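Reading the structure
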There are 2 protein chains.
Amino acid sequence: MVTISDVAKLANVSTATVSRVLSNSGNVKKETTEKVLEAIQKLNYQPNILARQLRKLETKTILVVVPDITNTFFSKILRGIEHVAIENDYEVLLGDTGNNVERERVYLDILRQKKADGMILLTARLESHLLEEIASEFPVVLACEYLEGSTIPTVSIDNVSSARKATEYLINLGHRRIGFISGPLNVILSRDRLKGFRQAMAQHNIPIESFLVQEGDFSFESGYNMMMKFLALDQPPTAVFAANDEMAIGAIKAIKSKGLRVPDDISVVGFDDIQFASIYEPALTTISQPMFEIGKKAMELLIKLINKDQLL
Amino acid sequence: MVTISDVAKLANVSTATVSRVLSNSGNVKKETTEKVLEAIQKLNYQPNILARQLRKLETKTILVVVPDITNTFFSKILRGIEHVAIENDYEVLLGDTGNNVERERVYLDILRQKKADGMILLTARLESHLLEEIASEFPVVLACEYLEGSTIPTVSIDNVSSARKATEYLINLGHRRIGFISGPLNVILSRDRLKGFRQAMAQHNIPIESFLVQEGDFSFESGYNMMMKFLALDQPPTAVFAANDEMAIGAIKAIKSKGLRVPDDISVVGFDDIQFASIYEPALTTISQPMFEIGKKAMELLIKLINKDQLL
DNA sequence: GAGATTATTGTAATCGATTACATTTAGAAT
DNA sequence: ATTCTAAATGTAATCGATTACAATAATCTC
């Protein structure tokens, strides 16, 4: 392996000078710079990043923890994160938990071990004190999911008001028996969407029958199954609001399987606006989330945090 | 920051001993071990991975370069890679090129700078000599796409024979006018699928009219557009084979838009078997690719390469 | 109990860069 | 020509771990 001292030797200068050329720090004579660059070329030298990082105590890498990388919702956010990361010479270390909370825990250690300068969590299902603790020591940003009453910087849309609007859309179409297929209620974002649904219903003085609220898990299958429950009722809902698009599409599939039509017989609204929502037939009405933007904002926030840390 | 010498001081031993406890290398007295572990606990010590990596000249990180992370086809492969990576204590650095060849080039440098122990490429659109060069120096595995006549280890299905089978499926249904929507032909995998299509047609002595082969770019939109071209013909094909599922679904959408039905009026076959293929209506007939398995195999291969390197 | 053997621990070099500080060189000012 | 200042370069410490080698302590053998 070619090291900085090989270059120094060939160029007949000290390693310090080579390093100065490398970092463009000025204060190197033109001719010397040329000599060094020539040697670098000749040897095809690439600086060892590990050594640099150790010396500088920074990794120029950030860790992104994703609950499910095969979900386009998250991969779109990832795109936004990457966009900003590249602009700022950061690399992205990906942690996919596969919806497994235990794996989430493991990734915290990567941060503690200084393998990354900071972390963006697209999932926050761990005990909040664990997150608070690590966020007090390292730069951490939450995106999409958040913690109640936490001070960790967070990027998220207003789920309550978005859900309220989606519900109002259905109410304004004249529906009164509206079913709600919620996400898993241990996730705050699911609770917020449920809250928005309740608010809208209350505002229009529509009582909510308890069996018209069903808890899914954001999967296509759960949407299908919960809709089947609704359809088995004496009086099925005339409209359904699902807390994400996958479940909404599952619901539509269930409705069609009973020979009913969307939206003629039952209206369906989803949440997220994944690409497939528009491709599916009938095209899904949905609440759009600016995924790319959320990712960008989260990364911008994280960089700010990281830089402030360096000043301390 | 707590370092190994802080621990050593507190436990009243040398850093060497602490390191031995850390690595479980044996040869440390029980009582000493306990003293050290206690000190580690008390200080909440986490070894600095950078320092360890520099000393050992390994990163326990592999780089995966993906052409499009929002495509579930690739994220499923990623899952397989991660599965094996975790089992072997590797971390995954993600490089998403957004289908941009230039970005692919940049990631090669990450490997050169020893930021990763090896690389898996899910895309291979760079000049082959560049890839050959880096593969001769570092562990590199190709997955899905490959280079003609290259010696770089590759994991891939047999695209030619799979495409042949898909075509034969349509022929056996009685179709003779079969359209083919190909992927971008600068990618070898697309050429292979086209080759398979041609082979099957030739074997059944069906001449291929040139305008029944159209080049798309693997996107939903291109499938839609190419199908529209077919439908504008005097004699549109009675069946269409699209080189991936996104394009197949685009084609179906085009067919429906003309008031025709699938498969009653026109049959459609796709390739990949993404989740959406089964959710869409009508459910898409498709050639299944074992994505998770491909990822697993690629990672296993890479680990073997890395370990052999260490022996040299 | 002396000598040999093994287990345990310590000392210091090492990985490859960066950078504080020291030194040399070049150019300006007088 | 001498002194002073600024520019250019070099020397060596440093980042935090691992590990070869050395040294010491413990145990065994006869």
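Going by the annotation in an unreviewed UniProt entry, the name recorded for chain A is LacI family repressor for deo operon, udp, cdd, tsx, nupC, and nupG, with Anoxybacteroides tepidamans given as the source organism.

1. Structural notes on the interface of chain B and chain A
With 51 residues of chain B at the interface, the matching set in chain A holds 51 residues. Counting the surface lost from both chain B and chain A, the interface buries some 4,400 Å², and carbon and sulfur atoms represent 60% of this. The shortest N-O distance in the salt bridge between Arg-79 of chain A and Asp-68 of chain B comes to 2.8 Å. The interface formed by chain B and chain A holds 18 residue pairs in polar contact (both at pLDDT 80 or more) in total. Of all elements in the fold, only helix H4 (49-56), helix H5 (72-87), strand S2 (91-96), helix H6 (101-112), helix H10 (220-231), helix H11 (245-257) and helix H12 (275-279) of chain B reach the threshold of two or more residues within the side of chain B that touches chain A. Ranked by residue count, the leading element in the side of chain B that touches chain A is H5 of chain B, at seven residues.

2. Things to note about the pairing of strand S3 (residues 118-121) of chain A
Walk down a regular strand and you will see the side chains alternate between the two sheet faces. Residue and element names in this part refer to chain A. Side-chain alternation along S3 places Gly-118 and Ile-120 on one buried face and Met-119 and Leu-121 on a second face that is also buried. Inspection of the sheet shows S3 paired to strand S4 (residues 140-143) by three bridges, in the parallel sense. Note that in S4 the partner of Leu-121 across the bridge is Leu-142.

3. Some points on the packing of aromatic side chains
Evaluation of the coordinates by the stated rule reveals 14 aromatic pairs over all chains. With a centroid separation of 4.8 Å and 15° between ring planes, the pair formed by Phe-180 of chain A and Phe-197 of chain A is classed as stacked. Of this pair, Phe-180 of chain A sits in strand S6 (residues 178-182) while Phe-197 of chain A sits in helix H9 (residues 188-203), and the two are 17 residues apart along the sequence. The residues Phe-180 of chain A and Phe-197 of chain A share a single accessibility class, namely buried. Ring centres of Phe-276 of chain B and Tyr-280 of chain B lie 5.9 Å apart, and the angle between their planes is 50°; on these two criteria the pair is classed as tilted. Tyr-280 of chain B matches Phe-276 of chain B in its accessibility class, with the two residues each being buried. In this structure an aromatic cluster arises from ring pairing among Phe-180, Phe-197, Phe-241 and Phe-271 of chain A. It is Lys-60 of chain B that lies over the ring of Tyr-90 of chain B; its NZ or CZ is 4.3 Å from the centre. A cation sits over an aromatic face here: Arg-193 of chain B above Phe-271 of chain B, 3.8 Å from the ring centre.

Quick notes on the rules
Residues numbered from 1 in each chain as written. Chains lettered and ligands numbered in written order. Predicted model: local features only at pLDDT ≥ 70, side-chain atom pairs only at ≥ 80, totals over all residues. Heavy atoms only, no water. Contact = heavy atoms within 4.5 Å. Buried area = accessible area lost by both parts, 1.4 Å probe. Salt bridge = Lys/Arg side-chain N within 4 Å of Asp/Glu carboxyl O. Polar contact = N/O pair within 3.5 Å; in protein donor to acceptor, adjacent residues only side chain to side chain. Helix = DSSP H or I, 4+ residues; strand = E, 2+ residues; numbered from the N terminus. Buried < 20%, exposed > 50% of the residue type's maximum accessible area, 1.4 Å probe, protein only. Pairing = 2+ DSSP bridges. Phe/Tyr/Trp six-rings, centres within 6.5 Å; stacked < 30°, edge-to-face > 60°. Lys NZ or Arg CZ within 6 Å of the ring centre and 35° of its normal.

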